[in-house]
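The lines below spell out each chain.
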Number of protein chains: 2
Amino acid sequence: MSDKYVYTFGDGKAEGNTTMKLLLGGKGANLAEMSNLGVPVPAGLTISTEICTEFYKTGGKYSDALKKQVEEGVSEIEKIMGSKFGDPSNPLLLSVRSGAPASMPGMMDTVLNLGLNEETVQGLINKTGNDRFGWDSYRRFVQMYGDVVMEMKPESKEEEDPFELIIQQLKEEKGVELDTDLTAEDLKNLVGMFKDAIKKNTGKDFPTDHWEQLWGSISAVFGSWNNQRAITYRNLNNIPADWGTAINVQSMVYGNMGDDCATGVAFTRDPATGNKMFYGEYLVNAQGEDVVAGIRTPQPVNESTKSDPDQKTLQEIMPEAYDELDRIYKSLETHYKDMQDIEFTIQKGKLWMLQTRNGKRTTEAAVRIAVEMVEEGLIDKETAVMRIDPEKIDQLLHPTFDPKAEKKVVAKGLPASPGAATGRIVFHADDAEEWAERGEQVILVRIETSPEDIGGMNVAKGILTSRGGMTSHAAVVARGMGTCCVAGCGNLNINYKSEEMKVGDLVFKEGDWISLDGSQGEVIDGKVPTVTPELSEKFGKLMSWADKMRRLKVRTNADTPHDSDVARKFGAEGIGLCRTEHMFFEGDRIKAVREMILADDEAGRRKALEKLLPYQRDDFYGILKAMHDLPVTIRTLDPPLHEFLPHDDANQQEMADEMGITLEEVKAKVDSLHEFNPMLGHRGCRLGITYPEITEMQARAIMEAACQLTKEGVKVYPEIMIPLIGTKAEFADQKAVVVKIADKVQKESCVNVNYMVGTMIEIPRAALTADEVAEEAEFFSFGTNDLTQMAFGYSRDDAGKFLAEYLDKGILTEDPFQVLDQTGVGQLVEMAVQKGRSTKKDLKIGICGEHGGDPKSVGFCHRIGMDYVSCSPYRVPIARLAAAQEALRDK
Amino acid sequence: MSDKYVYTFGDGKAEGNTTMKLLLGGKGANLAEMSNLGVPVPAGLTISTEICTEFYKTGGKYSDALKKQVEEGVSEIEKIMGSKFGDPSNPLLLSVRSGAPASMPGMMDTVLNLGLNEETVQGLINKTGNDRFGWDSYRRFVQMYGDVVMEMKPESKEEEDPFELIIQQLKEEKGVELDTDLTAEDLKNLVGMFKDAIKKNTGKDFPTDHWEQLWGSISAVFGSWNNQRAITYRNLNNIPADWGTAINVQSMVYGNMGDDCATGVAFTRDPATGNKMFYGEYLVNAQGEDVVAGIRTPQPVNESTKSDPDQKTLQEIMPEAYDELDRIYKSLETHYKDMQDIEFTIQKGKLWMLQTRNGKRTTEAAVRIAVEMVEEGLIDKETAVMRIDPEKIDQLLHPTFDPKAEKKVVAKGLPASPGAATGRIVFHADDAEEWAERGEQVILVRIETSPEDIGGMNVAKGILTSRGGMTSHAAVVARGMGTCCVAGCGNLNINYKSEEMKVGDLVFKEGDWISLDGSQGEVIDGKVPTVTPELSEKFGKLMSWADKMRRLKVRTNADTPHDSDVARKFGAEGIGLCRTEHMFFEGDRIKAVREMILADDEAGRRKALEKLLPYQRDDFYGILKAMHDLPVTIRTLDPPLHEFLPHDDANQQEMADEMGITLEEVKAKVDSLHEFNPMLGHRGCRLGITYPEITEMQARAIMEAACQLTKEGVKVYPEIMIPLIGTKAEFADQKAVVVKIADKVQKESCVNVNYMVGTMIEIPRAALTADEVAEEAEFFSFGTNDLTQMAFGYSRDDAGKFLAEYLDKGILTEDPFQVLDQTGVGQLVEMAVQKGRSTKKDLKIGICGEHGGDPKSVGFCHRIGMDYVSCSPYRVPIARLAAAQEALRDK
């Protein structure tokens, strides 16, 4: 610990700078930096974080050395600001604020207007000629000091602040509504009442000595480093407790001293569009909070942002201050190399900068600003790529609601698939298809969806379910299709029979209009206009830079030629997961599938599979063709067979009629296939092992399509993937079936196809024994949905019931179905990568679970050395960007 | 490779000995050993396993050196046996048998009576004066040689042996039924017909030269090392293919040359009881296979085993041979230090020993023999303990069927809980209770059982289900109760409505008698008398030795004071798993439980839990008292709440009436609790986190009971265990709830209780993050049932559908729910032990899954350093023994 504890700033110089965040905190370092830049910041001093540590070590005592340095610092401030701390005729007023090395917004305490007492308040009034201002400042100070330093603030949020109660009472007595309706006299009375309350509650007098006020505030702010909120926040954000906070003691400036005063906020570029223009708002004779509070309408700072000829710009009314502001914002942006969000105050014609920080912006603006700053030579391409939050570019790819439209949100569910949609309610997939055919926009509303609903889901503008989580059938399929979906909306009461949906007292019937915001999980009553985004040329440029920076390949999960096309346009470099089961539902196929399931013996099953073969071959032909020159991973049948049978009476009867059997026979089959825990039941490779003829048919369909395309001169790279492997023996069994058929088909067609046979790693045991599995498998693809289900023991269809509570209580910080749990599940993934490669050095490894499109998880996949990630088409750009960022971090 | 390939034995000496199994094979080494002991074995030679390797290397060629050594060996045999190989007047006949280092019974080929041709057969006839014997030996040789060497044996088992077809034809022609009805002439004709068939099928003549016969046989036997059966057997038993087999060429001796010949088998002690007496059977003028074939009734070898005064003992009719046999069996037992199973032949008055091996025995005998051999000073206690197969002692603890009773097995299921039971069929748990009350013996027959059936299961003599595996509810509960159970008997068609059970064409109605063999998984028509075993004093002695040798503690899984008592008698050193959910079903409690489930808010739940508290407190009082001085691990509520609600209309109506609500309300609750995969749903600690008041009530009940007992001077060690933990945060949440209540209760009762709060490790993620979990947990207990379910992704309720096929196909070698999968699941267990102890060096660790009673798994638990295993009461002795054996292996 050095013997310098206090660092002053102001008047174009400072003892600290931006690199000293650990010692001066983020705020202190930034104020010093601004001051160094010659920006007029109100002078002040920063007490270093080391003193916070000392404070706790000594039980709140301060050394004489510190006291001396603070006093010297204050006189430096006095010199710069031309006023004197505690001087009744020309008082210097101070603020005391925390400032930790890491941002902890609102977690610690602040004291403003410090230095006021019965004498200095008169000085302030004389100086400003504004007695209301003087008394208002004083009563605010007493209230804040009382709350923070003298601990008048109640511990529980439910109890009202005692000062607010007094104000409330006074307003009632006076019959006024707003604080601003109180007169100077009222405010003066309030000061007295506040002080009485303090005396009564704490037994102590409110301190009149300005130094006592200052040290009391410093101690309170240091003390607030260890309040419960701050501790919890640090725990959640992994901020070390021993960092401590610095304290900034800064001179107060006021934008509300009169009409030669103003206050405002501005952005150095348009935060909505990214347009390069100085963009801001201000109010004359106002405090900062008035600008955002919306009571008075703020005015534009300059001509170019004026939207109404009646508006008065700052440029017009305070041209000198504006010119200085113009100079300053430019230098700030150049210095920080990013769009800045700045706060300023003009006190009696003099401009003061209160804060500058990187400005929040829309994704559209973020992309434009980043690319243009590269073009301007301000930043390099790597920096531009790092600037964009991958998660946010989703907004660029999906329709959104017109931000100006009003929305009546009636329920909230999970934001399962982004975008916005408006349409008429239907409750059955068949109806959705029927309505869509006659040109209606529909929203499909279901308790949950199942593979049978695929047709209806495909034509719906949006999908709403009352059950199921982020990886429920509805969610996964909707994301794949790029269709907006709100899932697991537990407040909905859906009745299929009466075709009604109830939310509280509201009743929606078939045909009623609703709207869904899939990015927010909102269900909205009635129509809301939507805006369809266009991908800008700037976006293309940024992504092309990103692509050159990444190592990880990005594939897509796609089951149709159409999805494959979409994904290719989004930059997919192959298919990482083509599910074959969705194909089983289309048109007549489901009949053959059911025939197979009902068959009593292998011969019967083979007969039914014969009928499916041409369909599947056509499917694969289309997909492999669309993905020419790129690898296509096709998964053999995965879901349990009962998913292909109808579960309600009406559909069972229909099936019985169609197949020419009795309803009882259908019911008996459904019963015999019933499982207590189908997720852990007879599915995946377990089906292929029991019924090798299914795997044979699929292998034949894939290989026949591949051979045909090869003959046609199309380059295809099918990768046949066996799901739900838990042991090497299971994989070996299925691989043998595939290879036998592949050999046969290649001989029959006299061409050779470059194909592979690999496995999903989605069962914990497969990860644990990946070295053995790799002896047979030619590639691994992590199915992290199932792996997460089994590693956590959470059924993704049921976990909604407790996951929300887990997230609320902080038992989980993220939904593990959305963000890969690196601590637990990640161990299995990393272990499998290492074990797999210990057997086969160059084993091709990817991920095809939903996590493949989550930026954090993509980063993890890069770090542990996967070859590619695969995600739904609409998340391909996200994954590309995330992969590039992780590669840059790796450097 | 040395230059000695052939090792002779006979006449009280041998070139090999028992330590040379890798070179001479098991059989060759044993024959040498016997010969060295002075036991009269027919002379012979062993060709070493190295020649087998050579045989495959050279493509079946033999070196001159080998030929010379074989010829020298044969002349050594000739010298000892006093006859000459190929000599028409006094022919030496030989057998050629395989003999691998590891036993591969019946997998390879054998040739007997080698050396016979048209001339030597006459010599044999002249020598024995028995032409039928001569021709019979010859036709057997031609048949065997034809099959084995000349490859006449059809590849498929379905095709009949061509020689058998010829015999069949001849018998039909002659109008006789048995082979023994054929005359010498017939047999002579058969030889001719056999030779013709060989010529016709193979184009080759049957070799008359005795050396050609010998080398042909040797090559055939070496060749059989790589037949498909042998390869499969080696793969299944992990026998290296490069070990090869040795070949034994041994002189033939005959017990069927006349009335001065005999053959027999004997045990050095009674294999049924272990009684120390020479026990055996023999037949005059017979071959070995006649003794076991049961056509003639074998006679007892001596007076003491005579059961009928008419029987002629070997001692009486061949006293000299018997005396020598008596001398030999004693020396063999002393030499091998174990009860021997010996085969002997008396040829023309001369005793020959053909084989000795450790005899198979009942478990009762095994225990008695082992203990008595220690008492005799033959073996030490460690050896005695190692001799008993822990899995087998189950037989000593459960009733068995009278072995003499006839049984008509009508179906087979899983041997879910051992023992035998006979009783009348009931289909409902209520009926079981009602019938039992009026003194009926009942067998409860269910499609599957659920916790509601607990009362009926408790009174049933046996339980039979048509669904569910070895860890299904029925199986687990039955094993806990020590009640016989056959589970997952898929051939049963159970109809609850008509109260009928169909098996094929058989129909069983309520009240019909059936019997169950839970050790074999057999369902038997009608009554079968059972025998109840008594634990012998020898058994107690053996177990007391075992207890001193083991390090691992053995606890029990018990939910009632009664089970606790039983387990204590079996040697349990505490309770490792006390499930609290079973307690929720008894009497009026279920009503309070349902009230809690139906409650709309916390207040309602608390009100219902108040009612449960006294019941639970009494439960724990009883259990803790029964287990005084020993630790008792109590698991908080685990199953999903819907398990406590009725699922059929009738019971739902009854519940509605009882609770004074509508049927619809009951149904709505059941619906709202429905889960797609309840195993991965809202259960375990997830319940306790959502409804902390449940954990609170249970913690209070446990601690109030513990405090009360402490006051009464009873020492109690409750260990409160939180189930289904996947993250440290979950555990911390529940631990805080428990500790808060425990502190409160201890304060209220003014006593301190030595209690702990720990966790199940049953979720893969808990194992992966065990270091974190151990920061909070005071002990770990592995729930390997769930861990296996999740690591494999097998629902134990559904896996029956494919597990059987997996075992059949060799995809799994053992059911992972019965034997812990050390390769996969074991990694998680070992990892969790290491990680847990890396955080807390002395962390107490046990296992409470079903595997805690499986000997192999107990061995694993010992090796990875667990502190204890816990299993159902009836498996406690098994675990004690297995733990001792593993400790001995460890030395």
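Residues numbered from 1 in each chain as written. Chains lettered and ligands numbered in written order. Predicted model: local features only at pLDDT ≥ 70, side-chain atom pairs only at ≥ 80, totals over all residues. Heavy atoms only, no water.

**Q** Got a sec to walk through the relation of the copies chain B and chain A? Specific residues and values, please.
**A** Aligned on chain A, chain B shows an RMSD of 0.4 Å; the corresponding rotation is 179 degrees and the shift along the axis is 0.3 Å. The relationship between the two copies is best expressed as a two-fold rotation axis. Both copies contact each other with a shared surface, as 100% of the interface residues of chain B are interface residues in chain A too. (Least-squares fit on C-alpha atoms with pLDDT ≥ 70 in both. Contact = heavy atoms within 4.5 Å.)

**Q** Go over the sheet that holds strand S13 (residues 409-412) of chain A with me, naming the residues and quoting the values.
**A** All names here are of chain A. A sheet is described by the order of its strands in space; here eight strands give the open sequence S13-S23-S22-S15-S16-S17-S18-S14, paired in mixed fashion. Both outer strands of the open sheet, S13 and strand S14 (414-417), are each paired with one neighbouring strand and no more. In this sheet, neighbouring strand axes are inclined to one another by 30 degrees on average, regardless of whether the strands run parallel or antiparallel. Here strand S22 (residues 513-517) pairs with strand S23 (residues 522-525) via four bridges, running antiparallel. Within S23, the residue paired with Asp517 across the bridge is Glu522. Its contacts with the sheet put helix H16 (residues 429-437) on strand S15 (420-426) and strand S16 (442-446), and the angle it makes with S15 is roughly 110 degrees. (Pairing = 2+ DSSP bridges. Helix = DSSP H or I, 4+ residues; strand = E, 2+ residues; numbered from the N terminus. Axes fitted to C-alpha atoms, helices over the stretch in contact; angles between N-to-C directions.)

**Q** Which residues make up the pattern of salt bridges, and what are the values?
**A** Considering all chains together, one arrives at 131 salt bridges over all chains under this definition. Between Arg880 of chain B and Asp547 of chain B there is a salt bridge whose closest N-O contact spans 2.7 Å. Taken together, the residues span a long stretch of sequence, with Arg880 of chain B in helix H34 (residues 876-890) and Asp547 of chain B in helix H19 (residues 537-549) at a distance of 333 residues. We classify Arg880 of chain B as buried; its relative accessible area is 9%. In this structure, Arg550 of chain B and Glu573 of chain B form a salt bridge, with 2.9 Å as the shortest nitrogen-oxygen distance. Taken together, the positions of Arg550 of chain B in the loop between H19 and strand S27 (553-557) and Glu573 of chain B in the loop between helix H20 (561-569) and strand S28 (575-579) put the pair 23 residues apart, joining distant regions of the chain. With a relative accessible area of 13%, Arg550 of chain B lands in the buried category. The structure contains a network of salt bridges with shared partners spanning Arg368, Glu372, Glu375, Lys538 and Lys541 of chain A. (Salt bridge = Lys/Arg side-chain N within 4 Å of Asp/Glu carboxyl O. Buried < 20%, exposed > 50% of the residue type's maximum accessible area, 1.4 Å probe, protein only.)

**Q** Explain the nonpolar core to me, using residue names and the numbers behind them.
**A** Phe782 of chain A together with Phe782 of chain B are the most contacted members of the largest nonpolar core, which has 322 residues in total. Apart from the residues lying within four places of it in its own chain, the contact partners of Phe782 of chain A are Ile761, Leu787, Val829, Ala832, Val833, Ile845, Gly846, Ile847, Cys848, Gly849 and Met866 of chain A. Counting 68 residues, the second largest nonpolar core, distinct from the first, contains Tyr5, Ile47, Ile77 and Phe163 of chain B. (Core = buried A, V, L, I, M, F, W, Y, C linked by side-chain atoms within 4.5 Å.)

**Q** Can you explain the confidence of the model for chain A? Please cite residues and give values.
**A** Within chain A, residue pLDDT values average 92, and 99% of them lie at 70 or more. Per the prediction output, this complex has pTM 0.82; the corresponding ipTM is 0.81. (pLDDT = per-residue confidence, 0-100.)

**Q** Describe the packing of aromatic side chains, naming the residues involved and giving the relevant values.
**A** Scanning the model with the defined rule gives 39 aromatic pairs over all chains in all. The interplanar angle of 40 degrees and the centroid separation of 5.0 Å between the aromatic rings of Tyr62 of chain A and Trp215 of chain A together place this pair among those described as tilted. In this pair, Tyr62 of chain A sits in the loop between helix H2 (49-57) and helix H3 (64-81) while Trp215 of chain A sits in helix H8 (residues 210-223), placing the two residues 153 residues apart along the sequence. Taken as a pair, Tyr62 of chain A and Trp215 of chain A share a single burial class, namely buried. In this structure an aromatic cluster arises from ring pairing among Phe55, Tyr56, Tyr62, Trp215 and Phe222 of chain A. Here the guanidinium or amino end of Arg438 of chain A rests over the ring plane of Trp435 of chain A, the centre of that ring lying 4.7 Å away. If you follow Arg555 of chain B out to its NZ or CZ, it ends over the ring of Tyr868 of chain B, 3.8 Å from the centre. (Phe/Tyr/Trp six-rings, centres within 6.5 Å; stacked < 30°, edge-to-face > 60°. Lys NZ or Arg CZ within 6 Å of the ring centre and 35° of its normal.)

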